[in-house]
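Residues per chain are reported as follows:
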Amino acid sequence: MTPRALGRALRPAGRAAALTVAATAVVFTATELLPGDAGELRTAGRASAEDIAAERDRLGLDRPAVVRYGDWLSALVRGDLGRSLASGRPVAALFAERLPATAVLVAVALAATVLLTGAALTVAYLRGGRGGSAATGLAAVPQPVYAAVLGAVLAGLLGWLPPVSLLPPGGSPLADPRLLALPALTLALPSAAFATVLLRGALGDALRRPHVADARLRGLPAPLVLHRHVLPFLYAPALQVTALLAGGLVAGTALAETLFGYPGTGQLLVSAVAVRDVPVVQAAALLPAVVLLLGMLAADLAARRTTVPAPARHAARAVPDPAGRTV
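Residues numbered from 1 in each chain as written. Predicted model: local features only at pLDDT ≥ 70, side-chain atom pairs only at ≥ 80, totals over all residues. Heavy atoms only, no water.

Visitor: Which residues make up the overall build of the protein, and what values do they have?
Guide: Secondary structure assignment for the protein yields 14 helices and zero strands. Listing each helix as α and each strand as β along the protein from the N terminus yields α-α-α-α-α-α-α-α-α-α-α-α-α-α. Taking all 327 residues of the protein together, the buried fraction comes to 38%. Within the protein, counting contacts between residues at least 6 apart in sequence, those at least 24 apart form 73% of the total. Working note: accessible area of the protein is about 17200 Å², and carbon and sulfur atoms make up 67% of it. (Helix = DSSP H or I, 4+ residues; strand = E, 2+ residues; numbered from the N terminus. Buried < 20%, exposed > 50% of the residue type's maximum accessible area, 1.4 Å probe, protein only. Contact = heavy atoms within 4.5 Å. Areas by Shrake-Rupley, 256 points an atom, 1.4 Å probe, with all protein chains shown as cover.)

Visitor: Could you give an account of the confidence of the model for the protein, naming the residues involved and the relevant values?
Guide: For the protein, mean pLDDT is 79; residues scoring 70 or higher make up 80% of the total. Per-element confidence in the protein ranges from a low mean pLDDT of 42 for helix 14 (residues 311-316) to a high of 91 for helix 7 (residues 143-157). Confidence drops under a pLDDT of 50 for residues 311-327, and excluding neighbours within four residues, the segment shows 30 contacts in the predicted structure. (pLDDT = per-residue confidence, 0-100.)

Visitor: Tell me what's going on with a nonpolar patch on the surface, and back it up with residues and numbers.
Guide: Judged by side-chain polarity, Val145, Val149, Val153, Leu157, Leu158 and Trp160 come together as a nonpolar surface patch covering roughly 590 Å² of accessible area. Mapped onto the secondary structure, Val149 falls in helix 7. (Patch = residues over 30% accessible without salt bridge, like charges linked within 9 Å, V, L, I, M, F, W, Y side chains within 5 Å. Salt bridge = Lys/Arg side-chain N within 4 Å of Asp/Glu carboxyl O.)

Visitor: I'd love a proper account of the packing of aromatic side chains, names of residues and values included.
Guide: According to the stated counting rule, one finds three aromatic pairs in the structure shown. Members of the aromatic cluster, joined through ring pairs, are Phe28, Tyr69 and Trp72. (Phe/Tyr/Trp six-rings, centres within 6.5 Å; stacked < 30°, edge-to-face > 60°.)

Visitor: Would you mind going over the nonpolar core in detail, with residue names and values included?
Guide: Within the largest apolar cluster, 18 residues are counted, with the highest numbers of intra-cluster contacts made by Tyr125, Leu203, Leu207, Val225 and Val230. Of all the secondary structure elements, the ones that give two or more residues to this core are helix 5 (91-126), helix 8 (178-207), helix 9 (210-217), helix 10 (222-230) and helix 11 (235-260). The biggest single contributor to this core is helix 8, with six residues. Ala101, Leu179, Leu249 and Ala256 belong to the second-largest nonpolar core, a separate cluster that totals 14 residues. (Core = buried A, V, L, I, M, F, W, Y, C linked by side-chain atoms within 4.5 Å.)

Visitor: Describe the environment of Pro237, and please don't skip the residues or the numbers.
Guide: Inspection of the secondary structure assignment puts Pro237 in helix 11. You can call Pro237 partly exposed: its relative accessible area is 21%. On a C-alpha basis, the gap between Pro237 and Leu198 in space is 8.8 Å, while along the polypeptide they are 39 residues apart. Those residues within four positions of Pro237 in sequence are excluded, and the remaining contacts are Leu199 and Ala202.

Visitor: So what's going on with the pattern of salt bridges? Residues and values would help.
Guide: Scanning the model with the defined rule gives three salt bridges in all. The shortest N-O distance in the salt bridge between Arg89 and Glu97 comes to 2.6 Å.

Visitor: Describe the side chain of Glu257, and please don't skip the residues or the numbers.
Guide: Here Glu257 is to be found in helix 11. Within polar-contact distance, the side chain of Glu257 engages the backbone nitrogen of Thr265 at 3.4 Å. A distance of 2.7 Å separates a polar atom in the side chain of Glu257 from the backbone nitrogen of Gly266. In this view, Glu257 contacts Thr102, Leu105, Tyr262, Gly264, Thr265, Gly266 and Gln267; residues no more than four positions away in its chain are not counted. (Polar contact = N/O pair within 3.5 Å; in protein donor to acceptor, adjacent residues only side chain to side chain.)

Right, here's the structure in full:
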């Protein structure tokens, strides 16, 4: 590999590393702006100023913010997420208990999002790329509305699903897939609508290409045109949108898990914010940013290896159309 090619290959990784550092700065700043801190909340307003100062000193909250950020960043590089201010347990241990449940939920929601988006784009393709107002409207609906409607209809009115997704101690969500349905659908439906809106533009651009229009005019079967002429132009944007959705789904678990009582990292984040457990909040807030950046890096590298076939090569292939001609 030439130095120039090596530089092009390493450029996305360097960009992802720089954005990760920037994400840590944003997360740290956001936690600093939270009203109050663990020292004040742990005393519940009943202690004197001296006692609050002593508690803040014990927790290390009296040090300058720049120093605390530097210590946190250096610990992250070593793989140390710190200790919870509320329980004293390692943050990594807290996440190890809840991350598998969140990972299963995000995986199911992402799979449902991909299927729903694929179905919506297939309908759009069959309609020649027209329409799209329904997806735009659904993407604008807040996630709590989806949760309320799904819970009221599927759990309350029809009784098909349990209204809460509490797992038994040591249990796996895969043991009872019904527990995943409501939180996964709450995450997947707005995500699919958003992805459809983002990818409809790429689909419309592909349909307007001369060789695609020519293939459709010649009467080639719609599945063949979609597979051979349209999909190659959607691979790269689809990978990037999938990476964006993965990070968004991880971030969106906080609401879904809290509403349905699902014991994942999102619920841990909400409880940590309530008591200003800064190390836990920082780790939980940084997780979706890291997932997004890693996904975008993987999508960027995969897109560089994805070759879009030239129209001339398609035209040169001998493909019989319904009239017996070749295109």
